[in-house]
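Now for the letters of each chain:
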Amino acid sequence: MLSFTVLAAAATLAQEPAQEVYVETQDLGGGVYGLITNRAGNVGISVGEDGVFMIDTQFAPIAPFLDRAQRAVSGDQPVELVLNTHLHGDHMMGNAWFAERGATIMAHESVRPALINPVTANLTGATPDPLSGDYLPVINLSGGETLTLNGQTVRLHHEPDAHTAGDIWVHFVEADVIHAGDLLFSGWFPYIDLDNGGTVNGYIAAMQSIVDEAGPETQVIAGHGPMSTEADLEASIAMLTEARARVASLVQEGHSYSEVLAAEPLADFHDEWNWQFITTERMIWTLYRDVTGEIPQED
Ligand SMILES: [Zn+2]
Ligand SMILES: [Zn+2]
């Protein structure tokens, strides 16, 4: 696997602390590359005679670094076509950078209205203020489309109630590469955005549908985390299925949220899956809310 890194200081870019941005370009074959950053939201690109197709655009200050990385492998072409896998800012705030340079932006049809009128209760802080203009998708997909470009059959799959209501994952069939968007947090507790139509069972089902289409050799670009495989999806499915069942069983026994927390139902998952954003406690919060339909309140 060819792998190299574009490294630059981001100190001069607005909104960003003086911190280095790494974009590691991984050649996945068939003109498909993963652009893996040390920030949120891994990007995929397809390069070839039809032009550059980019999946997700990261945060705005990262976009110039992504562009530089893709130009290094595309013969200095601009990005022609962009797909946002979903509405979160770490996957689409770079849209304007690429649209201003000629890219056409597409996403699931639920994304554009949600960017114009965002859910204010969102807990990530990643869903931006109301957006307009070059940030917005102009091709609104229903999911299930197939593109033919750069010698690849590119299947787009919509998952209606998984990480959000509008997740699309992408399969480059001949290259055997899948971009999972945020349907895979590889090795970490997943963020499931219940305020934007996500559900835990829908998230599990979405991961299963990727597994059903993937093979043992398929290279999976995770929305967050390292390059992955079907086995990583299966591990995440097993963990999340068991985690939800444990919390559901405590709820069924009549325990309050505080009692569920005190029971530490995910204690044996903590060391492997806990991380800064979705801690073990946040995962329990999500599962409790998903099971009960209520915002968890501690006694
Ligand atoms: Zn994300
Ligand atoms: Zn997301």
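Residues numbered from 1 in each chain as written. Chains lettered and ligands numbered in written order. Predicted model: local features only at pLDDT ≥ 70, side-chain atom pairs only at ≥ 80, totals over all residues.

S.K.: Can you walk me through the overall build of the protein chain in this structure?
M.R.: The secondary structure content of the protein chain amounts to 9 helices and 13 strands. Taking 19 Å as the expected radius of gyration for a compact globule of 299 residues, we find that the protein chain reaches 19 Å, a close match to that expectation. Nonlocal contacts in the protein chain, meaning residues at least 24 apart in sequence, comprise 63% of its contacts between residues at least 6 apart. (Helix = DSSP H or I, 4+ residues; strand = E, 2+ residues; numbered from the N terminus. Rg over C-alpha atoms; globule rule 2.2 N^0.38 Å. Contact = placed C-beta atoms within 7 Å.)

S.K.: Any chance you could explain unusual backbone geometry here in plain terms?
M.R.: With glycine set apart, most residues show a phi of negative sign, and most peptide bonds adopt trans. Although it is not a glycine, Asp176 adopts a positive phi angle of roughly 60 degrees. Secondary-structure assignment places Asp176 in the loop between strand E11 (167-172) and strand E12 (177-179). Of the residues examined, Asp176 has 17 C-beta atoms within 10 Å and is grouped as partly exposed. Of note in this structure, Glu264 is not a glycine but carries a positive phi near 50 degrees. (Buried ≥ 20, exposed ≤ 12 C-beta atoms within 10 Å, placed from the backbone.)

S.K.: It is not clear to me how the environment of Asp161 should be interpreted in this structure. Could you clarify?
M.R.: With respect to the element layout, Asp161 can be found in the loop between strand E10 (152-159) and E11. Not counting chain neighbours up to four residues away, the residues in contact with Asp161 comprise Gly197, Gly198, Thr199 and Gly202.

S.K.: Just to check I follow, could you spell out the packing of helix H6 (residues 230-252) against helix H9 (residues 280-292) for this structure?
M.R.: Each packed pair of helices is defined by two parameters, the angle between the axes and the distance between the axes. Following both chains from N to C, one finds H6 and H9 inclined at 60 degrees, their axes separated by 9 Å at the closest point. Accordingly, the angle class assigned to the pair H6 and H9 is oblique. When the axes of H6 and H9 are compared, the crossing they make is right-handed. Of H9, the residues touching H6 (which contributes Ala243, Arg244, Val247, Ala248 and Val251) are Met283, Ile284, Leu287, Tyr288, Val291 and Thr292. Partitioning the contact of H6 with H9 into residue classes produces 9 nonpolar, 1 polar and 1 charged. (Axes fitted to C-alpha atoms, helices over the stretch in contact; angles between N-to-C directions. Parallel < 35°, antiparallel > 145°, perpendicular 65-115°, else oblique. Left-handed = near helix turned anticlockwise from the far one by under 90°. Nonpolar A, V, L, I, M, F, W, Y, C, P; charged D, E, K, R; others polar.)

S.K.: Can you walk me through the packing of helix H5 (residues 200-213) against H6 in this structure?
M.R.: Two elements in contact, H5 and H6, have axes separated by 10 Å at closest approach and are oriented at 155 degrees. Judged by the angle between their axes, H5 and H6 are roughly antiparallel. Like other packed secondary-structure pairs, H5 and H6 cross with a definite hand, here left-handed. Here Val200, Tyr203, Ile204, Met207, Gln208, Ile210 and Val211 of H5 come into contact with H6, specifically with Glu230, Leu233, Glu234, Ser236, Ile237, Leu240, Thr241 and Arg244.

S.K.: Would you explain the confidence of the model for the protein chain in this entry?
M.R.: Predicted coordinates in areas of low pLDDT are best not read in detail. Of all residues in the protein chain, 90% attain a pLDDT of 70 or more, and the chain-wide mean is 91. Across residues 1-18, where pLDDT falls below 50, the model places 30 contacts with residues more than four positions away in sequence or in other chains. (pLDDT = per-residue confidence, 0-100.)

S.K.: Quick question: what am I supposed to make of the nonpolar core here?
M.R.: In this structure, Met54, Val82, Val170, Ile178, Ala180, Ile210 and Ile284 are the most contacted members of the largest nonpolar core, which totals 85 residues. Apart from the residues lying within four places of it in its own chain, the contact partners of Ile284 are Val247, Val260, Leu261, Pro265 and Leu266. (Core = buried A, V, L, I, M, F, W, Y, C linked by C-beta atoms within 7 Å.)

S.K.: Would you mind showing me how to read helix H1 (residues 63-74) here?
M.R.: Note that an α-helix has 3.6 residues per turn; residues three or four places apart therefore point the same way. Taking 1.5 Å of rise per residue, 12 residues should cover 16 Å, and H1 covers 16 Å from first to last C-alpha, within 8% of that figure. Of the positions making up H1, those classed as buried are Ala63, Phe65, Leu66, Asp67, Ala69, Gln70 and Ser74. Directly after H1, the chain includes Gly75, whose backbone phi takes a positive value near 70 degrees. (Expected span 1.5 Å × (residues − 1).)

S.K.: How should the pairing of E10 be read in this particular structure?
M.R.: Put simply, side chains in a regular strand alternate between the two faces of the sheet. Two strands pair when backbone bridges link them, and strand E9 (residues 146-149) and E10 are joined in this way by 4 bridges, in the antiparallel orientation. By the bridge assignment for E10, Leu149 is matched with Gln152. Hairpin connection between E9 and E10: a loop of 2 residues separates the two successive antiparallel strands, and Asn150 in this loop has a positive phi of roughly 50 degrees. (Pairing = 2+ DSSP bridges.)

S.K.: When you look at the sheet that holds strand E13 (residues 219-221) in this model, what are you seeing that I'm missing?
M.R.: Two modes of strand pairing occur in sheets, parallel and antiparallel, and in both the strands are linked by backbone hydrogen bonds. On the basis of which strands lie adjacent, the open sheet formed by 5 strands has the order E9-E10-E11-E12-E13 and mixed pairing. Among the strands making up the open sheet, the edge pair consists of E9 and E13. Taken pair by pair, the neighbouring strands of this sheet meet at an average axis angle of 20 degrees, ignoring direction. Against the sheet, H5 makes contact with E10, E11 and E12, and its axis sits at roughly 160 degrees relative to E10, the strand it touches most.

S.K.: Is there a simple way to think about the environment of Asn38 in this case?
M.R.: Within the fold, Asn38 resides in the loop between strand E3 (32-37) and strand E4 (43-46). Not counting residues within four places of it along the chain, the set of residues in contact with Asn38 comprises Val21 and Tyr22.

S.K.: Teacher, can you tell me more about the pairing of strand E5 (residues 52-55) here?
M.R.: The alternating pattern of E5 places Val52 and Met54 and Phe53 and Ile55 on opposite faces, both of which are buried. Relative to E5, E4 runs antiparallel, the two being bridged by 3 bridges. Counterpart to Ile45 in the pairing with E5 is Met54. With antiparallel pairing between neighbouring strands as the criterion, E4 and E5 make up a hairpin whose turn holds 5 residues, including Gly51 at a positive phi of roughly 115 degrees. Where E5 lies against strand E6 (residues 79-83), 4 bridges are found, and the strand directions are parallel. Residue pairing across strands places Met54 opposite Val82, the latter belonging to E6. Each parallel crossover has a hand, and the one from E5 via H1 to E6 is right-handed. (Right-handed = clockwise from strand over helix to strand, strands pointing away.)

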